[in-house]
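Here's the letter readout for the chains.
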Amino acid sequence: MVLKTTDLHKQFRGRGHKSRTMVLNGVEFSLKRGEIMGIVGESGAGKTTLALILCGLLQPDRGEVWLSGGDASARPESHAQRIHRLVQIVWQHPETAFNPRWKLRRSLKEPLHIRGLTMAKGFLEEQVVNVDLSPDVLDRRPRQLSGGELQRLALARALISNPEVIVLDEPTSMLDALTQARIICMLLDIQRKTGIAYLFISHDIDLVRIFCNRAYRLHEGKLKPLAHEDGNSVHKWG
């Protein structure tokens with residue numbers, strides 16, 4: 001088990017003085033190493049809210065996020081530091097992951113710089129090659145790359161921290177079908193090599209059924225198993 005949530009609740013204040021909207025209402029699930037779990041839901045269902053909580057960028061009103069992993073001999077970390085190291089996120093709009101004024105080499109160095117870590121010579125170039133890009137993209141700026149290239153770099157940046165879980169929040173929805181297929185194949189290849197777990201958030205039910213070991217619909221603040229058209233739940237390989 002690499003990630004587990006228990007009884008996650010989150011509500012937001014509405015327009016009225018006392019109005020509140022319950023977005024997450026007791027969300028619970030667990031994720032195994034090397035597993036791909038899918039979550040679908042309507043716009044506003046709370047998918048991104050859940051993603052933000054899992055990455056430590058938003059606090060739940062109630063409930064816990066539990067993480068395994070970590071080196072017991074390493075320096076002590078706070079719960080927030082462990083979350084930021086072990087859980088990474090790749091967003092729908094990859095351009096938001098990069099400072100438009102920086103060359104991409106600097107952006108990819110940033111996760112290591114924040115943690116006070118150094119890197120071996122050629123490390124960044126190796127990371128870029130692992131996502132099927134030429135190392136020369138490191139000396140370009142975000143505006144000089146296509147959306148598909150930026151999404152692959154966003155994935156490379158997420159992997160630099162050696163996480164156990166990557167939350168994929170609509171990572172292919174802005175891409176054409178061919179680029180989408182390439183990204184999905186790349187994600188599967190990376191998973192086979194590293195054993196990383198993915199939480200795949202998407203509005204594309206067909207893609208979720210193909211890509212994920214199991215899947216759920218987030219509805220009225222709760223996770224419910226996503227069923228095939230024949231009524232059976234999605235359980236492909238797990």
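Going by the structure above, here's the rest.
Caption draft 1: Spotlight on the pairing of strand 5 (residues 87–90). Residues of strand 5 alternate between two faces, with Val87 and Ile89 on one and Gln88 and Val90 on the opposite face, all of them buried. Relative to strand 6 (residues 165–169), strand 5 runs parallel, the two sharing 4 bridges. Looking at the pairing, Gln88 lines up with Ile166 of strand 6.

Caption draft 2: Spotlight on the packing of helix 3 (residues 104–114) against helix 5 (residues 147–160). Two elements in contact, helix 3 and helix 5, have axes separated by 8 Å at closest approach and are oriented at 25°. The pairing of helix 3 with helix 5 is recorded here as roughly parallel in orientation. By crossing handedness, the relation of helix 3 to helix 5 is classed as right-handed. In contact with Leu104, Ser107, Leu108, Glu110, Pro111 and Leu112 of helix 3, helix 5 contributes Leu150, Leu153, Ala156, Arg157 and Ile160.

Caption draft 3: Inspection of the layout of surface pockets at higher detail. In this structure, the second largest pocket encloses a volume near 440 Å³. Of all the elements in the fold, those that place two or more residues in the lining of the second largest pocket are helix 2 (79–86), helix 4 (123–129), helix 5 and helix 6 (177–194). Partitioned by chemical class, the residues of the lining of the second largest pocket number 7 nonpolar, 6 polar and 6 charged.

Caption draft 4: Quick peek at empty space enclosed by the protein. All chains considered together, the criterion is met by 1 cavity of 30 Å³ or more. Size it by volume and the largest cavity reaches roughly 40 Å³. Taken together, Val90, Gln151, Leu155, Leu168, Pro171, Ile183 and Leu187 form the lining of the largest cavity. Secondary structure elements with two or more residues in the lining of the largest cavity: helix 5 and helix 6. In terms of residue class, the lining of the largest cavity is made up of 6 nonpolar, 1 polar and no charged.

Caption draft 5: Examining the side chain of Gln191 more closely. Its location among the elements puts Gln191 in helix 6. Since its relative accessible area comes to 12%, Gln191 is described here as buried. Every residue in contact with Gln191, bar those within four places of it in the chain, is listed here: Gly34, Glu35, Ile36, Ile196 and Tyr198.

Caption draft 6: Quick look at the sheet that holds strand 4 (residues 62–67). The antiparallel open sheet is built from 3 strands, whose spatial order is 2-1-4. With partners counted over all chains shown, the strands left at the sheet margins are strand 2 (20–31) and strand 4, one partner each. Here the strands of the sheet are splayed against their neighbours by 20° on average, with no regard to which way each runs. Bridge count between strand 1 (residues 3–13) and strand 2: 9 bridges; the pairing is antiparallel.

Caption draft 7: Seen up close, the pattern of salt bridges. Applying the stated criterion to the full structure yields 8 salt bridges. Among the ionic pairs, Asp136 bridges to Arg140, the shortest N-O distance being 3.5 Å. Lys193 serves as the salt-bridge partner of Asp189, at 3.2 Å between the closest nitrogen and oxygen. Of the two residues, Asp189 and Lys193 both sit in helix 6, 4 residues apart, roughly one turn of that helix. Judged by its relative accessible area of 28%, Asp189 falls in the partly exposed class.

Caption draft 8: Local environment of the packing of aromatic side chains. What the rule picks out here adds up to 2 aromatic pairs. With 6.3 Å between their ring centres and 25° between their planes, Tyr198 and Phe211 make a pair best called stacked. Separated by 13 residues along the polypeptide, Tyr198 in strand 7 (residues 197–201) and Phe211 in helix 7 (residues 205–211) bring together distant segments of the chain. We note that Tyr198, like Phe211, is buried. Summarising the aromatic geometry, the rings of Phe200 and Phe211 are spaced 4.9 Å apart at their centres and angled 70° between planes, so their arrangement reads as edge-to-face. Highlighted residues: Phe200 in strand 7 and Phe211 in helix 7, separated in sequence by 11 residues. Neither residue differs from the other here; Phe200 and Phe211 are each classed as buried.

Caption draft 9: Here's a closer look at the sheet that holds strand 3 (residues 36–40). If you walk across this open sheet you meet the 6 strands as 5-6-7-3-8-9, and the pairing is mixed. Whereas interior strands pair on both sides, the edge strands pair on one side only; in this sheet they are strand 5 and strand 9 (222–225). Across the sheet, the axes of successive neighbouring strands diverge by a mean angle of 25°, strand direction being ignored. Bridge analysis of strand 3 against strand 8 (residues 214–219) gives 4 bridges, and the strand direction is parallel. Bridge pairing in strand 8 places Met37 opposite Arg214. Strands in contact with helix 5 are strand 5 and strand 6; relative to strand 5, the strand with the most contacts, it is inclined by about 175°. Packed onto the sheet, helix 6 meets strand 3, strand 6 and strand 7 and runs at close to 155° relative to strand 7.

Conventions used here
- Residues numbered from 1 in each chain as written.
- Predicted model: local features only at pLDDT ≥ 70, side-chain atom pairs only at ≥ 80, totals over all residues.
- Heavy atoms only, no water.
- Buried < 20%, exposed > 50% of the residue type's maximum accessible area, 1.4 Å probe, protein only.
- Helix = DSSP H or I, 4+ residues; strand = E, 2+ residues; numbered from the N terminus.
- Pairing = 2+ DSSP bridges.
- Axes fitted to C-alpha atoms, helices over the stretch in contact; angles between N-to-C directions.
- Parallel < 35°, antiparallel > 145°, perpendicular 65-115°, else oblique.
- Left-handed = near helix turned anticlockwise from the far one by under 90°.
- Contact = heavy atoms within 4.5 Å.
- 1 Å grid on protein atoms, 1.4 Å probe; cavity = no way out; pocket = protein on both sides within 12 Å on 5 of 7 lines; lining within 4 Å.
- Points joined across faces, edges and corners; volume = space filled by probe spheres on them.
- Nonpolar A, V, L, I, M, F, W, Y, C, P; charged D, E, K, R; others polar.
- Salt bridge = Lys/Arg side-chain N within 4 Å of Asp/Glu carboxyl O.
- Phe/Tyr/Trp six-rings, centres within 6.5 Å; stacked < 30°, edge-to-face > 60°.

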